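Spelled out, the chains give:
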Amino acid sequence: MSSIPVKQKAFVVPKTGGREVLEFEDAPVPEVSTTQILVKNEYAGLNFIDSYFRSGLYPASTPYVAGGEAAGTVVAVGSSVTKFKVGDRVAWLGSGAFAEYSAVEECGKVSIIPEDIDFKTAAASLLQGLTALSLVKDAYEVKPGDWVLVQAAAGGMGLLLCQLINNIGAHAIGTVSTPEKAALAKSAGAEYVINYTEDDYVKEVLELTNGLGVHAAFDGVGKATFEGSFSLVRRKGSMITFGNASGAVPPFNVARLAQKNIRLLRPTLFNYVATPEEWDFYTNELWMAIGGGSLKITVYKVYPLEDYRSAAEALETRLSTGKVVLKC
């Protein structure tokens, strides 16, 4: 315990607002309770949900240390902790990740990182990897031969979804905004890629599917693409809206589902990994997929912790492709 400092550098959200409210400051290193572990974070992953909490779209009590995903080494354990020990390499989901040290509940969302996976990959893959797996297994169980629309196919989530859909033997149709992003989505397994700045993606998807539409649409963009995605779901298909990158989807009249008997779902990862058994199942699936080479993690750029504002701008303006990561 003597090697653990009293103070650390951390990004704090003192009030709701844009990136300008973020403060990089000295903060106390957390003291672990009897049921917690203290993790020396090596890398932390950025996600759109960070901005949802910061902006007030999702409720959060301020001030708080930003970030919800990191990977590092256990440097202290509470007296009641039995699952983890000092020296363990772990990846975790929770709060307070954009800091040098974080206290995490033993019974929370923590997983031992296999030896063949490095810290950067673990931090870049945990939340999005688990989300992508739960989407194609639980939200809509993708089957061989299905036609599946993936909006923002060159983003961190999109690249993972395209790989998983392709691995299953289904047809992934990805939308992107630039030729460079189109090439990236194609390399990740998107069978068809549509640049929506040049072509009418609704028209293109209908042509590809002989006018039937897709079995499922995975849309993490939200407000800007929801109507287009919804129009492309075929009879008895599934509309999965899982993010708000362009803003929240406006109120929806459920009577519209009756037009084609469409299923509409707004899932969250944590309701798919609510039990220890579910958490273990999905984290094991993720680590095996990465370790076995069937799921490749694309890191757009690694920023030093103090450059979080720039990293957030790259993500929130949709400049990035793949995952944005901080070195803590």
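Residues numbered from 1 in each chain as written. Predicted model: local features only at pLDDT ≥ 70, side-chain atom pairs only at ≥ 80, totals over all residues. Heavy atoms only, no water.

**Examining unusual backbone geometry**
The bulk of non-glycine residues show a negative phi, and the bulk of peptide bonds are trans. In this structure, Pro-63 follows Thr-62 across a cis peptide bond, with omega equal to 0 degrees. Within the secondary structure layout, Pro-63 lies in the loop between helix H1 (48-55) and strand S4 (64-65). Positive phi values are uncommon outside glycine, yet Asn-210 reaches one of about 55 degrees. Assignment of secondary structure puts Asn-210 in the loop between helix H5 (201-208) and strand S12 (214-219). Look at Lys-236: it is not a glycine, yet its phi comes out positive at around 65 degrees. Following the sequence through the fold, Lys-236 ends up in strand S13 (residues 233-241). (Helix = DSSP H or I, 4+ residues; strand = E, 2+ residues; numbered from the N terminus.)

**Observations concerning the sheet that holds S12**
Strand order in this open sheet of six strands is S11-S10-S9-S12-S13-S14, and the pairing throughout is parallel. The sheet terminates laterally at strand S11 (192-195) and strand S14 (263-265), the two strands that pair on one side only. For this sheet, the mean angle separating the axes of adjacent strands, direction not counted, is 15 degrees. Note: S13 against S14, three bridges, orientation parallel. Within S14, the position partnered with Met-239 by the bridge is Leu-264. Against the sheet, helix H3 (residues 156-168) contacts strand S9 (147-150), strand S10 (171-176) and S12, and its axis sits at roughly 170 degrees relative to S9. The sheet strands contacting H5 are S9, S10, S11 and S12, and the helix crosses S11 at an angle near 160 degrees. (Pairing = 2+ DSSP bridges. Axes fitted to C-alpha atoms, helices over the stretch in contact; angles between N-to-C directions. Contact = heavy atoms within 4.5 Å.)

**Focus: the packing of aromatic side chains**
By the definition in use, this model includes ten aromatic pairs. Each ring, one from Phe-226 and one from Phe-230, has its centre 6.0 Å from the other, and the planes form 10 degrees; the classification is stacked. Highlighted residues: Phe-226 and Phe-230, both in helix H6 (residues 226-231), separated by four residues, approximately one helical turn. Side by side, Phe-226 and Phe-230 carry an identical accessibility label, which is buried. Centroid distance Phe-226 to Phe-252: 5.6 Å. Interplanar angle 80 degrees. Geometry classified as edge-to-face. (Phe/Tyr/Trp six-rings, centres within 6.5 Å; stacked < 30°, edge-to-face > 60°. Buried < 20%, exposed > 50% of the residue type's maximum accessible area, 1.4 Å probe, protein only.)

**A few points about the nonpolar core**
Among the nonpolar cores identified, the biggest contains 53 residues, and Leu-161, Ile-165 and Phe-218 are the most heavily contacted of them. For this core, the secondary-structure elements that each account for two or more residues are strand S6 (89-93), helix H2 (119-139), S9, H3, S10, helix H4 (179-187), S12 and helix H7 (276-292). It is H2 that contributes the most residues to this core, twelve residues altogether. If sequence neighbours within four positions are ignored, Leu-161 has contacts with Ala-132, Leu-135, Val-136, Val-150, Phe-218 and Phe-242. Ranked by size, the runner-up nonpolar core spans 30 residues in total, among them Val-21, Ile-37, Ala-311 and Val-324. (Core = buried A, V, L, I, M, F, W, Y, C linked by side-chain atoms within 4.5 Å.)

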